[in-house]
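Results of the structural survey
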Number of protein chains: 2
Amino acid sequence: MKNHVYGVILAGGSGTRFWPLSRELFPKQLLRIIGEGTLLQQTFERLIQHIVPKQMTIVTKETQADSIRLQLNEWKDDLTDNIILEPEGRNTAPAIALTALQLMHRDPEAVMVVVPADHVVKAEKKFMKAVQFATKLAAHGHLVTFGIHPSRPETGYGYIQPNKRKRIRTQGVFVGYSVARFVEKPNLSTAMRYCRSGNYFWNSGIFVWKASSILDELALQQPVLAKLIHGLARYVGTQEFLGRLRKAYAKMPSLSIDHAVMEHSSRSVVVPVDFGWSDVGSWGSLEEVASLDKNGNVRNGNILDIDSKDSVLFADRRLVATIGLDNMVVVDTPDATLVCPKDRAQDVKAIVSLLKKHHAPEHMEHRTVQRPWGAYTVLEEGHGYKVKRIEVAPGKRLSLQLHHQRSEHWVVIAGTARVTRGEEVYDLQPGMSTAIPKETPHRLENPGQDLLEIIEIQNGSYLGEDDIVRLKDDFGRLEQAR
Amino acid sequence: MKNHVYGVILAGGSGTRFWPLSRELFPKQLLRIIGEGTLLQQTFERLIQHIVPKQMTIVTKETQADSIRLQLNEWKDDLTDNIILEPEGRNTAPAIALTALQLMHRDPEAVMVVVPADHVVKAEKKFMKAVQFATKLAAHGHLVTFGIHPSRPETGYGYIQPNKRKRIRTQGVFVGYSVARFVEKPNLSTAMRYCRSGNYFWNSGIFVWKASSILDELALQQPVLAKLIHGLARYVGTQEFLGRLRKAYAKMPSLSIDHAVMEHSSRSVVVPVDFGWSDVGSWGSLEEVASLDKNGNVRNGNILDIDSKDSVLFADRRLVATIGLDNMVVVDTPDATLVCPKDRAQDVKAIVSLLKKHHAPEHMEHRTVQRPWGAYTVLEEGHGYKVKRIEVAPGKRLSLQLHHQRSEHWVVIAGTARVTRGEEVYDLQPGMSTAIPKETPHRLENPGQDLLEIIEIQNGSYLGEDDIVRLKDDFGRLEQAR
C-alpha cells in the first residue's frame, strides 16, 4: 500500500497577506516565519516521514520554480524532477487534475496526499496517523478531506458538516463520515453556532484520494476541465507535453477543488482531526503558532524593544526600535516596512493592491532575488546605474550571456570567480576586478568550494533584467525572459 | 546701534530625541523636519533679516562642523569664518562666554542675540520686533531673556516669573520686567497653576545682552569659569589660541547660562512674548509646528497609508505602509526604524542610551555622512568589504591619502572623476573604473560642473574610517582622525 502513496504539495500561492515579507514572486510558503526552515520545507519534511522523496511532487508556477528548487536543494540533493510547473495559476482543481494525470501515467494505483505548502501542523505524528487512516478510505475510492475541530468561531474559513449517520470507516480515534455539506465562510453568529454544535469542522484543504478516483469524479462534475486534462494524456512524457499544456491551461477554468468536486460528490468523506493545524492566514494569526516572548510578542531579527506586548515584531538586518506597542504588527524588510494594529492585518491586501495599481516594485519581488545558481541583492539603483551583490553557490555558474545596453564591473569580495569574457577565461580573487563591455559575451562561475560573492556595478541607460541575451545556460532558461 | 548687533546661534546639541532621524553626529538642528530648509538654516535666515551675515556666529562642536559648513554653504557662499568650534560640549555657559570674549575682541560694544539652532519661531516679524526691543534693554546693561506665554501646562519646560512691580522698560506691546525667579520643570498641578495665574512664562533659551555685560556678570557669579575665559583673552586671533582653548575647556565646568548667571543676577530682565515659539522637543511635539494632512497626520516621504490619524509618519526613500494608526510615531531611515505611540516619544532617549551602551553604530551617525567635499553613503558592509556611493561637489576634491589596510575600486556612475594614483593623473567618465592598491597615495577630484558620483568597493581585513593617512587636504584636516 505504502508504495502507492504519493505526496502532492500545492505551492502556487501568491501570498499577499504576508506582505512585505511575502511578494508576488516570493509567497508565504517560501518564508521562514516560524521554527526551522520555511513553510514549504517544513511541509516537505513532514510528508517524507512516511513518503519517500522520489514519490513527492511539488506543483507550482514557473515564476516561483527557482526559489522552490533552491529551498529543496537546501534540504536534500536534486529534487528538480519532483516539480510540476503550471503555465499559470488556475486555482487548485486544474493543478490537482494535472498532477493526478501525471501520477496515473507513472502508477495507475497512485494515492495522492494533497497538502498546501503554506500551512502549519504542530502534531506531526497525529497528522501521519490521520493520513494513514485516510489512505485506507482512499483505497476504496473515497475522496477524503480532513475537518479540523474549530477552536474559535473563525469567519475566515469554510466549514464541513459530516453526515453523522453515515460512518464509512472507524479505526481508533478516527472516523470517516460521508459529507453532509460544505459551508462557505459564515458570519460570526453562524460561526458561533457551528462551534457550539460540535458538528462542523474547518475545511483544511488537505485531501487524500486515488488519482483515478479524482479524475473519474472530475469527469462527472467538471466535463470541460476533465476533457482538457484527458486530452493531454497521450503527451505525458513526450517533448510535445509542455506546448500542449500551455494551450490547455489557457482554456482551463479557474476553480477550487472544493467547488469543482468535493461539494457535489457522493464520494466525499470527512475525517475530523485535531493535529495542531493552522493556515497562518495573516500576520495577526502568527501568535497561534509561533513561540512568544514573555510579553506575548512574536519577535524576529534585530528588534530593540521597550515595553511592547502582544505584538508581531519582524525585522531583518536593519534595526527596528519599538516602544510601548500593544497588539501591533511591525514588519521591516530591506525595501518596505509595514506598521498596523493586529486586527487590521487583513488589510495588508489593500496595500498590495494599491502597490500593484501604481506598478510599485515592492509588491512584486524582494531586493534579494533567488536564482538556480544562487542569488542577487540590489544594493542601490539610480539614474544610469545599479549596484548588486551577487552570490554564486560552489560549482554553479550563471548563463553565458550578453547585454545590449549596459556595461558591468565586477569586484570580487569573497571566494574565487572564474570569468569568461569573449574568448578569455581567467580567475579573480577577492580585491580583484574586471570590466565587461556592452555586447560582450560573458559568464560568471564559482569553481571553488566556498561561496563566491561579487559586487556588480551596472552602467547604462537601460538596466532591466530583461536585457539579458542568454547564449548557454545550465538551467534550461534560454527561452525565458528572465 | 544695529551695527553692534551680532547673532549667536548655539548649535552644539546632540538631539537624541529625534532619533533615528537625528544622530549623535547629526543632531536636530541639521534636520529638515518642517518647512523649507533645516532648523539651523531657518534660524540663520530668521536672524539675517536684521543682522548682516558677517555679524553672525555659529557655535558648535568639531564633530558637527562639516555638516554645518555644508548647510550654510547651501544657503550662501563662504561662511566658514563665522563658526566657533568648541573643543567639547560644556553646556551653554562656556559656549556663550567664549563667544562673548571673541566678540569683545572684535567690537567692545557688541550686543549678542543668542538663539538655539533647533527651535521654531512661526511669527518672524514679531520675533524681530521683540529682538529690537530687547537690544535697547541690553544697551543699558540688562541681561534679557524672552518668556513665552504658555499655551498648555507643559511639564518639560522651565518657567520664569517676572516681578510685575519692577517694569524696566515699556514700548508698544513689549514690557521688560525684572525677573522674580526662575522655576525648574514643575509637576503637572504646579504647571496648571502657573498657566492659570498668567504670571509665569516658558523659559525660551533666547537671550539678548552686551558681550561686556555677560562677561562682567560671569565674573561675579562664576569666577572659575570667568577666569578660564579671561585667561584666553590675550591669545584671541593668535596661533596659540586653539591649543589654549583646548586646555581651558578641559577644566571648564559644564553649566547652563540659566543656572550660571540668569537665576542669580539682579540684571536679569524677562520680556513676555508670543511669536509662535516651539523647541520641537520630540516627535510628538511636531504636530504643533508642522503642517498636517486632513486626518491630522504629519507626513513625509514615501508613505502609503490607509486610515491613519493624528500620527507622525516619516519615511525616506524606502516604502512605509501604514494601516489604521492612531496617535503613533513611525520614523524610517536607511539603517533604523522607530515605532511608538506619540505619548511614548520621549522614551526614544532610552533607546538611544541602549544603543550607546551596546556600541551600536545606529546612535552615532547615518549611513549618509557629510564631508566638506560632499558626502558618502554606505550601501553595504560585510566581512572583508564595504560598498559606498561617494558624491563629490563640482570643483571639490578629497584629501590626498593612502590606506594601510585596504584596496579600493572606483566605478564612475555620473560626472567626471579626476584620479591621482601615485604619480599618474587621469580622468574617468561614467562606466569607467580604476583600482587603488593598498599603500598607494591617491586622490579623487571633481574637475567638472556637475556632481561626480562613484561607487567605491573597499576590500581588506580592516575598513574603519580611521585608516586614512592624509598627505594633503583642502580643508585643514591633516591632524584630524577622520
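Residues numbered from 1 in each chain as written. Chains lettered and ligands numbered in written order. Predicted model: local features only at pLDDT ≥ 70, side-chain atom pairs only at ≥ 80, totals over all residues.

Turning our attention to the overall build of chain A. Across its full length, chain A holds 11 helices and 28 strands. The C-alpha radius of gyration computed for chain A amounts to 24 Å, which stays within 12% of the reference 23 Å derived for 482 residues, consistent with globular compactness. By principal-axis analysis of the C-alpha atoms, chain A measures approximately 75 × 65 × 40 Å. By residue count, 47% of the 482 residues in chain A fall in the buried class. Considering only residue pairs separated by 6 or more positions, chain A has 68% of its internal contacts joining residues 24 or more positions apart. (Helix = DSSP H or I, 4+ residues; strand = E, 2+ residues; numbered from the N terminus. Rg over C-alpha atoms; globule rule 2.2 N^0.38 Å. Buried ≥ 20, exposed ≤ 12 C-beta atoms within 10 Å, placed from the backbone. Contact = placed C-beta atoms within 7 Å.)

To continue, consider the domain arrangement of chain A. According to the domain assignment, chain A contains domain 1 (2-278), domain 2 (283-351) and domain 3 (368-472). When each unit is reduced to the centre of its C-alpha atoms, the spacing between domain 2 of chain A and domain 3 of chain A is 36 Å. (Domains from an automatic or database assignment.)

Residues and elements named next belong to chain B. Read from one edge to the other, the open sheet built from six strands follows the order β18-β19-β20-β27-β22-β25, with strand pairing classed as antiparallel. Each end of this open sheet is capped by a strand with a single partner; those strands are β18 (368-371) and β25 (433-436). Sheet twist, expressed as the mean angle between neighbouring strand axes with direction ignored, is 20 degrees. Bridging between strand β20 (residues 385-392) and strand β27 (residues 452-460) involves eight bridges; their strand directions are antiparallel. Across the sheet, residue Glu-391 finds its bridge partner in β27, namely Glu-453. (Pairing = 2+ DSSP bridges. Axes fitted to C-alpha atoms, helices over the stretch in contact; angles between N-to-C directions.)

Below, the discussion takes up unusual backbone geometry. Look at the link from Trp19(A) to Pro20(A): it is a cis peptide, with omega at 5 degrees. With a phi close to 70 degrees, Asp307(B) is a non-glycine residue in the positive phi region. Note on placement: Asp307(B) falls in the loop between β13 (303-306) and β14 (312-314). The phi dihedral of His359(B) falls on the positive side, at around 55 degrees, and the residue is not glycine. Turning to its location among the elements, His359(B) is positioned in the loop between α11 (348-357) and β18.

On to the relation of the copies chain B and chain A. Screw-axis analysis of chain B against chain A gives a translation of 0.0 Å along the axis, an RMSD of 0.1 Å, and a rotation angle of 180 degrees. The symmetry that links the two subunits is that of a two-fold axis. Among all C-alpha atoms of chain B, that of Leu379(B) lies closest to the rotation axis, at 3.1 Å. A shared interface surface links the copies, since 100% of the contact residues of chain B are contact residues in chain A too. (Least-squares fit on C-alpha atoms with pLDDT ≥ 70 in both.)

So, on to the interface of chain B and chain A. Taken residue by residue, the interface counts 45 residues in chain B and 45 residues in chain A. Broken down by element, the side of chain B that touches chain A gets its largest block of residues, six residues, from strand β17 (residues 336-341) of chain B.

Within the fold, Asn203(B) resides in strand β9 (residues 201-210). Between the C-alpha atoms of Asn203(B) and Glu184(B), which are 19 residues apart in sequence, the distance is 9.6 Å.

As a further point, take the sheet that holds strand β18 (residues 368-371) of chain A. Residue and element names in this part refer to chain A. Spatially, β18-β19-β20-β27-β22-β25 is the arrangement adopted by the six strands of the open sheet, whose pairing is antiparallel. Looking at the sheet topology across the chains shown, the edges are occupied by β18 and β25 (433-436). Neighbour to neighbour, the strand axes of the sheet diverge by 20 degrees on average, direction disregarded.

A few words on the nonpolar core. Core analysis: the largest hydrophobic core is formed by 229 residues, its most contacted members being Met112(A), Val144(A), Leu225(A), Met112(B) and Val144(B). What Val144(A) contacts, discounting residues up to four positions off in sequence, is Ala134(A), Leu137(A), Ala138(A), Gly176(A), Phe207(A), Val208(A), Trp209(A), Val269(A) and Val271(A). Residues Tyr385(A), Val412(A), Leu398(B) and Val412(B) belong to the second largest nonpolar core, which totals 34 residues. (Core = buried A, V, L, I, M, F, W, Y, C linked by C-beta atoms within 7 Å.)

The topology assignment puts Lys357(A) in helix α11 (residues 348-357). Sequence separation between Lys357(A) and Val298(A) is 59 residues; the distance between their C-alpha atoms is 31 Å.

Here we take up the pairing of strand β6 (residues 143-148) of chain B. Residue and element names in this part refer to chain B. The element β6 is largely enclosed, with a buried count of six among its six residues. Burial along β6 is two-sided: Leu-143, Thr-145 and Gly-147 and Val-144, Phe-146 and Ile-148, pointing in opposite directions, are all buried. Examined bridge by bridge, β6 and β9 share four bridges and lie antiparallel to one another. Opposite Val-144, over in β9, you have Val-208 as the bridge partner.

Before going further, it helps to examine the packing of helix α3 (residues 92-106) of chain A against helix α6 (residues 211-221) of chain A. Residue and element names in this part refer to chain A. α6 packs onto α3 with a crossing angle of 130 degrees between their chain directions and a minimal axis gap of 9 Å. Overall, the two elements α3 and α6 adopt an arrangement that is oblique. For α3 against α6, the interelement crossing comes out left-handed. Of the residues in α6, those touching α3 at Ile-96, Ala-97, Ala-100, Leu-101, Leu-103 and Met-104 are Ala-211, Ser-212, Ile-214, Leu-215 and Leu-218. (Parallel < 35°, antiparallel > 145°, perpendicular 65-115°, else oblique. Left-handed = near helix turned anticlockwise from the far one by under 90°.)

All names here are of chain B. With respect to the helices, strands and loops of the structure, Glu-365 is situated in the loop between α11 and β18. The partly exposed category is assigned to Glu-365, around which 18 C-beta atoms lie within 10 Å. Once the C-alpha coordinates of Glu-365 and Pro-27 are considered, the two residues, 338 residues apart in sequence, prove to be 9.5 Å apart. Aside from chain neighbours lying at most four places away, what touches Glu-365 is Arg-23, Leu-25 and Phe-26.

Averaged over chain A, the pLDDT score is 92; the fraction of residues at 70 or greater is 98%. Confidence estimates for the predicted assembly give a pTM of 0.85 and an ipTM of 0.85. (pLDDT = per-residue confidence, 0-100.)

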